[in-house]
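One-letter residues, chain by chain:
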Amino acid sequence: MLPFIRPDLAQFTAYTPHPEIAKDSSSLLLGPQELDRLDTNESSFDLPSELKQKLAWTYQEVIEANRYPNGDHAQLRQAIAEYVNESANPLTSEFDSTYISIGNGSDELIRALLIATCLQGQGAVLVANPTFSMYEILAQTLGIPVVSVGRSKADFEINLKSAQAAIEQSYAVSNENAAPPIRVVFVAHPNSPTGNPLTVAEQSWLESLPPHISVVVDEAYFEFSQTTTVSKVLERPNWIVLRTFSKAFRLAAHRVGYCVAHPELAATLEKVRLPYNLPAFSQAAAQIALRYRHVLLEVIPQILAERDRLTRAFAQEAKLQTWPSAANFLYLRLRSTTGSTKDLEAQLCQTLKSQGTLIRQTGGGLRITIGSPLENTRTLDRIQSILASAWLRR
Ligand SMILES: *Cc1c(COP(=O)(O)O)cnc(C)c1O
């Protein structure tokens, strides 16, 4: 390793999307377009071509390619604030653009939040695994300590006793190794990869946290779950909601995420993010997606019906353990009488891949994105016949 690189970075590997394709693309006869890509929780539906045409028109007639984009995202922040008002429960009109900060994907905002709260030995973060891996990865690349607790094996509720103990421990006077105190708790609602929304007990524990600990509720799948904690941002300065245009809004290619937070925090995030973090084309895409949200979100009932169809079908499989999901993906595990199922799950992924379906092995199980009805049916058929075949009977 080059001597001027931080030694602690040696343990990291660069993020590879679709690791299954990247690993040995030579052995795959199918191009990405022909695969059922059910491994990254994007929408299977592209933007309708009328909306792409509007976007192309904006590029042709409005965007000056030679100029830096709007650096304060004022218009888009205003449009997002209106959407947040309309999506809050109860409905409100209190959110305005001062509550919003926009990132190059919500990943960028996770990093901005970590910089604003924990950097320079100021704090540690708490996560409950299995969960979205970027919280931990981004914290570690910034040298921020991560405390992790577990979840219930039955329903993936956070082990609240351990979580509370971890927090008390981090603030105890006897904390002699000078580990910084926990400043941020990250939760995904619903969680990825397990699909469960926050329970009443989890929510009330999060609400019980003192003002010097911030609570980040990642609502990347809000449009599928239709349950949100965003109105708490108005009551509690330490409550932060993250959302994204990468999932239900079908804009993963454009990298737009946003944060709803107390105006003082939102203003701080504006200070620590990169100046022109959001390309003009992506700002335009997000504006169009919001303006035509009723069109884009129309397919959600169909995706939820498909999810329920797959849930019922997988529940019939004796070799599978399934859980209910509030998002656009399902989480499964192979049942085992003989210990670890990790290798068998890896084999199942591999076999599916050779047949043209990508799913994700993560968090001690398998995560399958709900795709188009055709993709879902193909994937279900493939999984059923693999399970019925000899290789798992041992
Ligand atoms: C997909 C996802 C995101 C979105 O990340 P972007 O950077 O906005 O694409 C955030 N959080 C969770 C839990 C996710 O699954």
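A brief look at the structure comes next. (Residues numbered from 1 in each chain as written. Predicted model: local features only at pLDDT ≥ 70, side-chain atom pairs only at ≥ 80, totals over all residues. Heavy atoms only, no water.)

1. Description of the sheet that holds strand S12 (residues 360–362)
- Read across the sheet, 4 strands follow the order S9-S10-S13-S12 without closing on themselves; strand pairing throughout is antiparallel. Edge positions in the sheet fall to strand S9 (320–322) and S12, since each has one partner strand and no second. Going across the sheet, the axis of each strand differs from the next one's by a mean of 35°, ignoring polarity.
- Pairing of S9 with strand S10 (residues 329–334) involves 3 bridges; the strand directions are antiparallel. Paired with Gln321 across the two strands is Arg333, which belongs to S10.
- Lying on the sheet, helix H13 (residues 300–315) is in contact with S9, S10 and strand S13 (365–369); it crosses S10 at an angle near 10°.
- Most of the contacts of helix H15 (residues 373–388) go to S13, to which it runs at about 150°, and overall it touches S9, S10 and S13. (Pairing = 2+ DSSP bridges. Helix = DSSP H or I, 4+ residues; strand = E, 2+ residues; numbered from the N terminus. Axes fitted to C-alpha atoms, helices over the stretch in contact; angles between N-to-C directions. Contact = heavy atoms within 4.5 Å.)

2. Notes on a nonpolar patch on the surface
- A surface patch of nonpolar side chains, amounting to about 470 Å² of accessible area, comprises Met1, Leu2, Phe4 and Ile5.
- Mapping Leu2 onto the fold places it in the segment before helix H1 (19–23). (Patch = residues over 30% accessible without salt bridge, like charges linked within 9 Å, V, L, I, M, F, W, Y side chains within 5 Å. Areas by Shrake-Rupley, 256 points an atom, 1.4 Å probe, with all protein chains shown as cover. Salt bridge = Lys/Arg side-chain N within 4 Å of Asp/Glu carboxyl O.)

3. With respect to the layout of surface pockets
- Estimates place the volume of the second largest pocket at around 540 Å³.
- Lining the second largest pocket are 23 residues; nearest its centre among them are Glu42, Ser43, Ser44, Phe45 and Asp46.
- Looking at side-chain class alone, the lining of the second largest pocket contains 9 nonpolar, 8 polar and 6 charged residues. (1 Å grid on protein atoms, 1.4 Å probe; cavity = no way out; pocket = protein on both sides within 12 Å on 5 of 7 lines; lining within 4 Å. Points joined across faces, edges and corners; volume = space filled by probe spheres on them. Nonpolar A, V, L, I, M, F, W, Y, C, P; charged D, E, K, R; others polar.)

4. Comments concerning the packing of aromatic side chains
- Inspection of the entire model under this criterion finds 12 aromatic pairs.
- Through pairs of rings, three or more aromatic residues link up here, namely Tyr83, Phe245, Phe249 and Tyr258.
- The lysine or arginine in question, Arg243, covers the ring of Phe222, its NZ or CZ lying 4.1 Å from the ring centre.
- Of note, Arg367 hangs over the ring of Phe329, and the distance from its end group to the ring centre comes to 5.9 Å. (Phe/Tyr/Trp six-rings, centres within 6.5 Å; stacked < 30°, edge-to-face > 60°. Lys NZ or Arg CZ within 6 Å of the ring centre and 35° of its normal.)

5. Here we look at the sheet that holds strand S6 (residues 214–218)
- In spatial order, the strands read S2-S8-S7-S6-S5-S3-S4; together these 7 strands make up an open sheet with mixed pairing. Where the open sheet ends on each side, the last strands, each with one partner, are strand S2 (100–104) and strand S4 (146–149). Going from strand to strand, the sheet's axes swing by 25° on average, the running direction of each strand aside.
- Pairing geometry for strand S5 (residues 182–188) and S6, over 5 bridges, is parallel. Within S6, the residue paired with Val184 across the bridge is Ser214.
- With respect to the sheet, helix H3 (residues 74–87) is in contact with S2, strand S7 (239–244) and strand S8 (256–260), its orientation differing from that of S2 by roughly 115°.
- Against the sheet, helix H10 (residues 263–272) contacts S2, S7 and S8, and its axis sits at roughly 30° relative to S2.

6. Looking at the site of the ligand
- Near the ligand, the surroundings consist of Gly105, Ser106, Asp107, Phe132, Tyr135, Asp218, Ala220, Tyr221, Thr244, Ser246, Lys247 and Arg255.
- Measuring from a nitrogen atom of the ligand, one finds a side-chain N or O atom of Asp218 at 2.6 Å.
- Within the contact set of the ligand, an oxygen atom lies 2.6 Å away from a side-chain nitrogen or oxygen of Ser246.
- Considering the ligand on its own, with 390 Å² of exposed area, one finds that the protein chains cover 93% of that surface.
- When its residues are assigned to classes, the shell around the ligand shows 4 nonpolar, 4 polar and 4 charged. (Near = heavy atom within 4 Å. Polar contact = N/O pair within 3.5 Å; in protein donor to acceptor, adjacent residues only side chain to side chain.)

7. Focus on the pattern of salt bridges
- A complete count under the given rule lists 12 salt bridges for this structure.
- Glu86 is paired through a salt bridge with Arg293; the nearest N and O atoms lie 2.7 Å apart. Separated by 207 residues along the polypeptide, Glu86 in helix H3 and Arg293 in helix H12 (residues 293–296) bring together distant segments of the chain.
- Glu86 sits in the partly exposed class, given a relative accessible area of 38%.
- Looking at Arg293, the relative accessible area reads 15%, which means it is buried.
- The salt bridge partner of Glu207 is Lys232, with a shortest N-O separation of 3.3 Å. You can see Glu207 sitting in helix H7 (residues 200–208) and its partner Lys232 sitting in helix H9 (residues 232–235), a full 25 residues away along the chain.
- Overall, Lys232 belongs to the buried group, its relative accessible area being 15%.
- Connected via shared salt-bridge partners are Asp36, Arg378 and Arg382. (Buried < 20%, exposed > 50% of the residue type's maximum accessible area, 1.4 Å probe, protein only.)

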